[in-house]
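What the coordinates show
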Amino acid sequence: MTRRLAEVAKKVGVSEATVSRVLNGKAGVSEATREAVLTALDVLGYERPTQLRGERARLVGLVLPELQNPIFPAFAEVVGGALAQQGFTPVLCTRTVGGVSEADYVDLLLQQQVSGVVFAGGLYTQTGVVHEHYLRLIDRRLPTVMVNAAADHWEFPRVSCDDTIAVEQSLGHLRALGHERVGLIVGPPDHMPSIRKLDAFRTSGGGNLVEHTMHSLEGGHAAALKLLRQNVTGIICGSDPLALGAIRAARREGLGVPQDVSVIGYDDSALMNCVDPPLTTVRQPIEAMGRAVVELLVSQIDGAAVATGELLFEPELVVRSSTGRMGAIL
């Protein structure tokens, strides 16, 4: 108990006596200080006193699949900043291989009495799988928002970037440059955003030059090698790391980018204008999407009715130097 008082007092910048008064429900403490002490308890992983557990903490869980892809830290920054402006503190939960699972994080967040949860790149993207931890959130009626969740069966508000338009923009750009043999690299076959991209690719006449892989630089490298050996001159990728892997594969095959093969990424994550060559990519409007996520979440927390449909945001093709005219000499 003494250690808990000391740690919370240090975190908030108040005396241990003040922390004790809050925990025992005594008067003489400002509301701001009281809220700060309760938030510190949640952040430090201590259980609230029984008489205070009925109150939700002003914490919001932000559950991400990983931080290696720069788009996820960028999204966390946008959402975290918008939450702070609304008086909420984000709790970052990042899944790791063999570590804490998404279901474990949900249990932890429920124990901490969070006000809501935001998921980006969650397990909901898998088709044909019912993950029970989402059902627990529905049962608890906990305010929740999913990002890029092409999953109509989940009863949550969803904010997504339009994968169909992204592929149409990319394919149209390459065709305008004279490319006819265009390949597509996307995530696993059960990954819903990848399924959407694939459907758009085939609907737009992209054909069957398609490779599924993991969302990583290494995955992009391996998939691109298969496409390059089928004589593609343009490659559309489902993420920027995939595109960087494709560029590396082209160079190891003795091909120039964009002299011999053009490559397009997806996300426009940090530093894509600084790689060699600067990457042509489809930009997700994460600023607008992040603000919409927080608005939907806070509306739920405030008790307002929020539609469980999907808000689709239009992406933007950012043309840089990794794409060029077919057969052009640079």
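Refer to the preceding data block for the structure.
Notes on the structure in this doc start here.

What counts as what
Residues numbered from 1 in each chain as written. Predicted model: local features only at pLDDT ≥ 70, side-chain atom pairs only at ≥ 80, totals over all residues. Heavy atoms only, no water. 1 Å grid on protein atoms, 1.4 Å probe; cavity = no way out; pocket = protein on both sides within 12 Å on 5 of 7 lines; lining within 4 Å. Points joined across faces, edges and corners; volume = space filled by probe spheres on them. Helix = DSSP H or I, 4+ residues; strand = E, 2+ residues; numbered from the N terminus. Nonpolar A, V, L, I, M, F, W, Y, C, P; charged D, E, K, R; others polar. Axes fitted to C-alpha atoms, helices over the stretch in contact; angles between N-to-C directions. Parallel < 35°, antiparallel > 145°, perpendicular 65-115°, else oblique. Contact = heavy atoms within 4.5 Å. Left-handed = near helix turned anticlockwise from the far one by under 90°.

1. Structural notes on the layout of surface pockets
In this model, the largest pocket occupies a volume close to 980 Å³. Along the wall of the largest pocket there are 37 residues; nearest its centre are Pro65, Phe72, Gly121, His191 and His215. Counting only elements with at least two residues in the lining of the largest pocket, the list comes to α4 (71–85), α8 (192–203), β9 (262–267) and α11 (286–301). Sort the elements by how many residues they give to the lining of the largest pocket and α4 lands first, with 3 residues. In terms of residue class, the lining of the largest pocket is made up of 15 nonpolar, 16 polar and 6 charged. Taken as a whole, the second largest pocket encloses approximately 220 Å³ of empty space. If you go around the second largest pocket, you meet 14 residues; those closest to its centre are Arg141, Leu142, Glu155, Phe156 and Gln300. Of the residues in the lining of the second largest pocket, the class split is 9 nonpolar, 3 polar and 2 charged.

2. Overview of the packing of helix α5 (residues 102–111) against helix α6 (residues 132–140)
Relative placement of two packed helices is described by the angle separating their axes and the distance separating the axes. Between α5 and α6, whose axes approach to 9 Å, the crossing angle comes to 25°. In terms of axis orientation, α5 runs roughly parallel to α6. Seen from α5, the contacting residues are Glu102, Ala103, Val106, Asp107 and Leu110; seen from α6, they are His133, Tyr134, Arg136, Leu137 and Arg140. The class makeup of the residues in the contact of α5 with α6 is 5 nonpolar, 1 polar and 4 charged.

3. As for the packing of helix α7 (residues 163–176) against α8
Orientation of α7 relative to α8, taken along the N-to-C sense of each, is 45°, at an axis distance of 8 Å. Judged by the angle between their axes, α7 and α8 are oblique. With respect to the hand of their crossing, α7 and α8 are arranged in right-handed fashion. Where α7 approaches α8, its residues Asp163, Thr164, Val167 and Leu171 are matched on the opposing element by Pro193, Arg196, Lys197, Ala200 and Phe201. Within the contact of α7 with α8, the residues separate by chemical class into 5 nonpolar, 1 polar and 3 charged.

What is shown is where atoms sit, not what they do.
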